[in-house]
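# Analysis of the macromolecular model
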Amino acid sequence: MEIKIFDNYNDLCVAVADEIIGLVRKKHDAILGLATGSTPVGVYRELVKDFQAGFTSYKNVTTFNLDEYVGLGSNWEKSYRSYMDNNLFNHIDINPDCIFIPNGYNANPDLECEAYEKKINRHQIDLQLLGIGSNGHIGFNEPGTAFDSVTHLVRLDKKTRSDNSRFFNSLDEVPLLAITMGIKNILKSKKIILMASGTGKQNAVFRMIQGPVDNSCPASFLREHSDTWVYLDKDAAGKLE
Ligand code: GLP
């Protein structure tokens, strides 16, 4: 696991975006694994800026997102699909047929997990982007998730629902369930970049890098992958020795 520390959130986002842009320019049909949450917003902003300046095309790129809420009801605009459209997909030239995100509106979420798993297994992700939850989750792989887990339906942790309630009108509106790629899917990616920003992530980052490798902190499993990079701002790195 390699670690890079940046002065601030903006520098962190520019550096992560440069990695993605570099890959897509070299490999036009790259397969990207994408993440949501507030942390990657600045990365997507940089990708859009670069695209609008005419530098990089996403015409042949394929994307797989990590996860999606189940049970949003009329709150479609809170879905990760809607987040991705607003922050990235609506602003670049990606082929809509090459965008994959679990469908949280499938009436049978277990079948949706099976279908998503099949799709992922037909590809290998070149670069997987990750954030980290304050409880050490990656995607929605909550503490307790098995190392060999594949795409599955998950009951969200109390802490995760409370952290993510800032995107909703109230805690009650935050879905109880989600679909997420498993740890095994994430670890199959050729390269992984996990990014974290802010003091709220200090404990999770410390635990991921310097704690034991076990399912009490799912992000610690990334230490089993040979090409994982952790991009941090100074605040998120604050507890590292
Ligand atoms: C959600 C997502 C994760 C993300 C995490 C942290 O739970 N499922 O993929 O890493 O939130 O989000 P944020 O970047 O907003 O702190």
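As a reminder, the structure under discussion sits directly above these lines.
Here goes a summary of the coordinates provided.

Attention now goes to the overall build of the protein chain. When you go through the protein chain residue by residue, the secondary structure sums to 7 helices and 10 strands. The globule rule puts the C-alpha radius of gyration for 241 residues at 18 Å, and the 17 Å found for the protein chain is close to it. Taking all 241 residues of the protein chain together, 53% fall into the buried category. When contacts within the protein chain are restricted to residue pairs at least 6 apart in sequence, those whose partners lie at least 24 apart make up 79%.

For E68, the position within the fold is in strand β4 (residues 67–70). Overall, E68 belongs to the buried group, its relative accessible area being 3%. Put simply, E68 and K4 are 64 residues apart on the chain and 29 Å apart in space, counted from C-alpha to C-alpha. A polar contact is formed between the side chain of E68 and the backbone nitrogen of R81, at a distance of 3.0 Å.

Further remarks concern empty space enclosed by the protein. Tallied over the entire structure, the rule returns 1 cavity of 30 Å³ or more. Quantified by volume, the largest cavity comes out at close to 40 Å³. In terms of lining, the largest cavity is formed by I20, L32, L34, L47, Y58, V61, T63, L88, F89, I92 and I94. Residues that form the lining of the largest cavity fall into these classes: 10 nonpolar, 1 polar and no charged.

Once that is clear, we can look at the site of the ligand. The local shell around the ligand holds 14 residues, among which S38, T39, D67, R166 and K201 are the closest. With respect to the ligand, the backbone of G139 contributes an N or O atom lying 3.1 Å from a nitrogen atom. Within the side chain of N164, a nitrogen or oxygen atom sits 3.2 Å from an oxygen atom of the ligand. For the ligand, the accessible surface in isolation is 390 Å², of which the surrounding protein chains cover 95%. With respect to the pocket detection grid, the ligand is positioned in the largest pocket. In the shell around the ligand, the residues fall into 3 nonpolar, 8 polar and 3 charged.

Here we come to the packing of helix α1 (residues 9–26) against helix α2 (residues 41–52). With their axes 8 Å apart at the nearest point, α1 and α2 run at an angle of 50 degrees to one another. Overall, the two elements α1 and α2 adopt an arrangement that is oblique. Crossing angle aside, the handedness with which α1 passes α2 is right-handed. Facing Y9, N10, C13, V14, V16, A17, I20, I21 and R25 of α1, the residues of α2 in contact are V41, G42, V43, R45, E46, L47 and D50.

Take the pattern of salt bridges next. If you walk through the whole model with that rule in mind, you get 10 salt bridges. A single network of salt bridges, built from pairs that share partners, joins K27, D126 and K190.

Taken as a whole and judged by the stated rule, the model has 10 aromatic pairs. Taken together, a centroid distance of 6.3 Å and an interplanar angle of 75 degrees make the contact between Y44 and Y83 edge-to-face. On the criterion of sequence distance, the pair formed by Y44 in helix α2 and Y83 in helix α3 (residues 80–87) is long-range, its members being 39 residues apart. For the pair Y44 and Y83, one class covers both residues: buried. Summarising the aromatic geometry, the rings of W76 and Y105 are spaced 6.3 Å apart at their centres and angled 50 degrees between planes, so their arrangement reads as tilted. Remark: Y105 occurs in the loop between β5 (99–100) and α4 (109–121) and W76 occurs in the loop between β4 and α3; sequence separation between them is 29 residues. Residue W76 is classed as partly exposed on the basis of its relative accessible area, which comes to 42%. Judged by its relative accessible area of 40%, Y105 falls in the partly exposed class. Within the aromatic cluster, the residues linked to one another by ring pairs are Y69, Y80, F140 and F168.

Strand order across the open sheet formed by 7 strands is β1-β10-β9-β6-β2-β3-β5, with parallel pairing between neighbours. Of all the strands in the sheet, the pair left with one neighbour each is β1 (2–6) and β5. Sheet topology note: the strand β2 (residues 31–34)/strand β3 (residues 62–65) ladder contains 4 bridges and is parallel. If you follow G33 over to β3, its bridge partner there is F64. Sitting on the sheet, helix α7 (residues 202–210) is in contact with β1, β9 (191–196) and β10 (228–233), with an inclination near 150 degrees to β10.

Cut-offs used in this document
Along each chain, residue indices are assigned from 1 in the same order as the chain's sequence is written. Local features in a predicted model are, by the rule used here, given only for residues with pLDDT of at least 70; side-chain atom pairs are given and counted only at 80 or more, and totals for whole chains, interfaces and linings are based on all residues. In computing side-chain properties, one takes all heavy atoms of the structure into account and sets aside hydrogens as well as water. Secondary structure is summarised from DSSP: a helix means a run of H or I of at least four residues, a strand means a run of E of at least two, and numbering begins at the N terminus for each. In this description the radius of gyration comes from C-alpha coordinates, and the expected globular size is given by 2.2 Å times residues to the power 0.38. Think of it in three bands: residues with accessible area under 20% of the maximum for their type are buried, residues over 50% are exposed, and the middle band is partly exposed, with areas taken using a 1.4 Å probe on protein chains only. Whether two residues are in contact is decided by their heavy atoms, any of which lying within 4.5 Å being enough. Whenever a nitrogen or oxygen atom comes within 3.5 Å of another N or O atom, the pair is scored as a polar contact, on the condition that within protein one atom can donate a hydrogen and the other can accept it, and that pairs from neighbouring residues in sequence are kept only if both atoms are in side chains. Site definitions follow a grid-based scheme: protein atoms alone, a 1 Å grid, a 1.4 Å probe that fits but cannot get out for cavities, and for pockets an open set with protein on both sides within 12 Å along at least five of seven lines, plus lining residues having an atom within 4 Å of a point. Grid points are joined across faces, edges and corners, and a volume is the space filled by probe spheres set on the points. Just so you know the grouping, Ala, Val, Leu, Ile, Met, Phe, Trp, Tyr, Cys and Pro go in nonpolar, Asp, Glu, Lys and Arg go in charged, and all remaining residues, Gly too, go in polar. A single heavy atom is enough: if one lies within 4 Å of a molecule or strand, its residue is considered near that molecule or strand. The protein chains shown are the only cover counted for residues, whose accessible areas, like all others here, come from Shrake-Rupley with a 1.4 Å probe. Assignment to a cavity or pocket requires that more than half of a molecule's atoms be within 2 Å of the site's grid points. Inter-axis angles, ranging from 0 to 180 degrees, are taken between N-to-C directions of lines fitted to C-alpha atoms, where helices are fitted over the stretch in contact. By the definition adopted for this analysis, an angle is roughly parallel if under 35 degrees, roughly antiparallel if over 145, roughly perpendicular if from 65 to 115, and oblique otherwise. By the definition used in this description, the sense in which the near helix is turned from the far one sets the handedness, with an anticlockwise turn below a right angle giving left-handed and a clockwise turn giving right-handed. For salt bridges, the criterion is a side-chain nitrogen of Lys or Arg within 4 Å of an Asp or Glu carboxyl oxygen. Two aromatic rings from Phe, Tyr or Trp, using only the six-membered ring of Trp, form a pair when their centres are within 6.5 Å; if the ring planes differ by under 30 degrees the pair is stacked, by over 60 it is edge-to-face, and anything between is tilted. If DSSP finds at least two bridges between two strands, the strands pair.

Any link to function would need more than the numbers given here.
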